[in-house]
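What follows is each chain in one-letter form.
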Amino acid sequence: MTIQWYPGHMAKAKRQAEEKLKLVDFVIELVDARAPFSSENPVLHQLLQNKPKMVVLMKRDLADPAITDQWLHHYKKQNVSALAIEANNKKDIQKVIQYGKDLGSEKMEKLKAKGVRPRPLRAMILGIPNVGKSTLINRLANKKTADTGDRPGVTKKQQWIKVKKDFELLDTPGILWPKFEEEEIGYRLASIGTIKDTILPKEDVAAYILDYVSTHYPDLLEQRYGFQSFDDIMEAFEQIGRMRGCLESGGVVNFDKTSDVILQDLRSGKLGLISFEQPE
């Protein structure tokens, strides 16, 4: 399966990001803590080359904390500065600022040695759509400066944003790579809401979630829906649909509404703290 989704503004954003990289001291790449590998953008690695980078695992409050720790250890072994945050946690926001200052300190020392007047660090925030860029920027700036939304592709322009005296941030639209060759990656991103719900059939994505959770988090499945496993996915949909009132006239379960329930339960954290991949 190949999933195609590359709106025109993303191609333009890629070109703009490439042009602006020379203006910044380092890059902040955002990934989703529930699927750090799948939510990395290989296009960004081509763009960044040797530019200093820190990785911020967003939405740690929705991910399995034990697996998030594994990912942080993985990045540390790769000599990549990384931290996991919850965007509404003020201490986490301060950590992002401190990590950034540490990352940019070498550049500032070089400028100082050349006699250049001190200036704020300049950073570019990059990531795939709906990973939480605008929310993080608003928290860093401590005010609403960037549009936010619960759908991919809300940010469609670049803007410089001041963060106290510590940073000047260049926000950029989310850049999704042109296509996914691996079906599993597509389903992971669809599950966590990174690609639009119209790209893959919702029932297929909901079925993927149930199958994954029954295999890796059966206790969470039982706590939310009353069963740990199932032999027939349709029976699982039937049970969840009846439990949650997703019924049409005559008592027939509406699978489309049931799919919405499953997707919302996962994305809101009501299904539990779930991660979709571990570091190799």
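Worth saying up front: this structure is predicted, and the values here are computed from it rather than measured.

(A) Just the overall build of the protein chain, in detail. The helix and strand inventory of the protein chain stands at 10 helices and 8 strands. Burial status across the protein chain gives 49% buried among its 280 residues. When contacts within the protein chain are restricted to residue pairs at least 6 apart in sequence, those whose partners lie at least 24 apart make up 66%. Counting only carbon and sulfur atoms, one obtains 46% of the accessible surface of the protein chain, whose full area is about 14,200 Å².

(B) Structural context of the sheet that holds strand β4 (residues 81-84). Strands sit in the order β4-β3-β2-β5-β7-β6 across an open sheet of 6 strands; the sheet is mixed. The open sheet terminates on both sides in strands that have one partner only, identified here as β4 and β6 (159-163). Neighbouring strand axes in the sheet, compared pairwise and without regard to direction, differ in orientation by 25 degrees on average. Here strand β2 (residues 26-32) pairs with strand β5 (residues 121-127) via 5 bridges, running parallel. Bridge pairing in β5 places Glu29 opposite Leu126.

(C) Local environment of the environment of Asn254. Checked against the element boundaries, Asn254 lands in the loop between α9 (233-243) and α10 (255-268). Spatially, the C-alpha atom of Asn254 lies 8.6 Å from that of Glu238, the residues being 16 residues apart in sequence. When neighbours within four sequence positions are excluded, Asn254 is seen to be in contact with Cys246, Leu247 and Glu248. Among the polar contacts listed, one links the side chain of Asn254 to the backbone nitrogen of Asp256, at a separation of 2.9 Å. Within polar-contact distance, the side chain of Asn254 engages the backbone nitrogen of Lys257 at 2.9 Å.

(D) Here's a closer look at the nonpolar core. Ranked by size, the top nonpolar core spans 70 residues in total, and within it Ile28, Leu57, Leu140, Leu169 and Ile274 carry the most contacts. The element best represented in this core is helix α7 (residues 202-216), accounting for 7 residues. Excluding anything up to four places from it in sequence, Leu140 contacts Ile93, Val96, Ile97, Ile125, Val163 and Leu169. In this structure, Ala17, Val24, Leu126 and Ile175 belong to the second largest nonpolar core, which totals 12 residues.

(E) Region of interest: the pattern of salt bridges. Scanning all chains against the criterion turns up 12 salt bridges. The salt bridge involving Glu277 is made with Arg188; its shortest N-O contact spans 2.5 Å. Here the residue Glu277 occupies a position in the segment after α10, and Arg188 occupies one in helix α6 (residues 183-192), the gap between them amounting to 89 residues. Accessibility expressed as a relative area gives 15% for Arg188, which makes it buried. The structure contains a network of salt bridges with shared partners spanning Glu184, Arg188 and Glu277.

Conventions and cut-offs
- Residues numbered from 1 in each chain as written.
- Predicted model: local features only at pLDDT ≥ 70, side-chain atom pairs only at ≥ 80, totals over all residues.
- Heavy atoms only, no water.
- Helix = DSSP H or I, 4+ residues; strand = E, 2+ residues; numbered from the N terminus.
- Buried < 20%, exposed > 50% of the residue type's maximum accessible area, 1.4 Å probe, protein only.
- Contact = heavy atoms within 4.5 Å.
- Areas by Shrake-Rupley, 256 points an atom, 1.4 Å probe, with all protein chains shown as cover.
- Pairing = 2+ DSSP bridges.
- Axes fitted to C-alpha atoms, helices over the stretch in contact; angles between N-to-C directions.
- Polar contact = N/O pair within 3.5 Å; in protein donor to acceptor, adjacent residues only side chain to side chain.
- Core = buried A, V, L, I, M, F, W, Y, C linked by side-chain atoms within 4.5 Å.
- Salt bridge = Lys/Arg side-chain N within 4 Å of Asp/Glu carboxyl O.

Bear in mind that shape data such as this cannot, by itself, settle questions of function.
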